[in-house]
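The residues making up each chain are set out below.
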Amino acid sequence: MPAIRSCKQCGQKNRIAANHLSDTGRCGACKTPLPPLDEPLQVDAALFDEIVQNSRVPVLVDFWAEWCGPCRAAAPEVARTARDMAGDALVLKVDTDKHQQLAARFQVRGIPNFAVFSAGKLVKQQAGVVGHDVMEEWLRSVAPSRTA
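Cut-offs applied
- Residues numbered from 1 in each chain as written.
- Predicted model: local features only at pLDDT ≥ 70, side-chain atom pairs only at ≥ 80, totals over all residues.
- Heavy atoms only, no water.
- Helix = DSSP H or I, 4+ residues; strand = E, 2+ residues; numbered from the N terminus.
- Rg over C-alpha atoms; globule rule 2.2 N^0.38 Å.
- Lys, Arg positive; Asp, Glu negative; His and termini not counted.
- Charge placed at Lys NZ, Arg CZ, Asp CG, Glu CD.
- Expected span 1.5 Å × (residues − 1).
- Bend = angle between axes of the 7 residues up to and from the residue.
- Buried < 20%, exposed > 50% of the residue type's maximum accessible area, 1.4 Å probe, protein only.
- Contact = heavy atoms within 4.5 Å.
- Pairing = 2+ DSSP bridges.
- Salt bridge = Lys/Arg side-chain N within 4 Å of Asp/Glu carboxyl O.
- Polar contact = N/O pair within 3.5 Å; in protein donor to acceptor, adjacent residues only side chain to side chain.

Quick look at the overall build of the chain now. Within the chain one finds four helices and nine strands. The globule rule puts the C-alpha radius of gyration for 148 residues at 15 Å, and the 15 Å found for the chain is close to it. Overall, the C-alpha framework of the chain stretches about 45 × 35 × 25 Å when taken along its three principal axes. Distance between charge centroids for the chain: 4 Å, based on 18 positive and 16 negative side chains.

Once that is clear, we can look at helix 2 (residues 69-84). Over its 16 residues, helix 2 extends 24 Å from the first C-alpha to the last, a length consistent with the 22 Å expected when each residue adds 1.5 Å. At Ala75, helix 2 shows its maximal bend, which comes to roughly 35°, and the proline Pro76 appears one to four places after that position. The set of residues buried in helix 2 consists of Cys71, Ala74, Val78, Thr81 and Ala82. Packed against the buried residues of helix 2 are strand 6 (59-64), strand 7 (90-95), strand 8 (113-118) and helix 4 (132-142).

Pairing is mixed in the open sheet, where five strands are placed in the order 5-7-6-8-9. Where the open sheet ends on each side, the last strands, each with one partner, are strand 5 (41-42) and strand 9 (121-127). Taken together, the two bridges between strand 5 and strand 7 define a ladder with parallel strand orientation. Bridging across to strand 7, Leu41 finds its partner in Leu92.

Secondary-structure assignment places Arg5 in strand 1 (residues 3-6). Despite its burial, Arg5 pairs with no opposite charge; the closest candidate is Asp38, at 4.6 Å N-O. A distance of 2.7 Å separates the side chain of Arg5 from the backbone oxygen of Pro35, its partner in a polar contact. If we skip the residues at most four places from it in the chain, Arg5 touches Gln12, Lys13, Asn14, Ile16, Leu21, Pro35, Pro36 and Leu37.

What follows is about the pairing of strand 9. With six bridges connecting them, strand 8 and strand 9 associate as antiparallel partners. Across the sheet, the residue bridging to Ser118 is Lys121, located in strand 9. The loop that links strand 8 with its antiparallel partner strand 9 comprises two residues; one of these, Ala119, has a positive phi angle of about 55°.

This is how it looks when you write it as structure tokens:
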């Protein structure tokens, strides 16, 4: 199941495989480079599973809800993490009201709740608002080391 990303140049919708969301690609229509995903991606359970299992980079998941004040307060920090870590990590958002079974699978009892996955496995989970610097450190701590 690919993710859909719109080209910022021509507006064309492009299907991007989960394992390529952290890569630079090209728009199928205008051939403009599509940079790595640099914003939080809203996902359902199927897309969540696809990305977490196939991503070659760490994945931060923000479990949140529209009505949650602390979730809204954390949103700019989550977005900044996505921008800062583009190409080195992915950031997903799961609406706990719409995807209750997915939230239950990870025992999300308080939101916002952040989970970090590496190689398809949950490696860190924490409830409560944190800054982008903390989120980025979580991701860097599980990122595969780069070799020259």
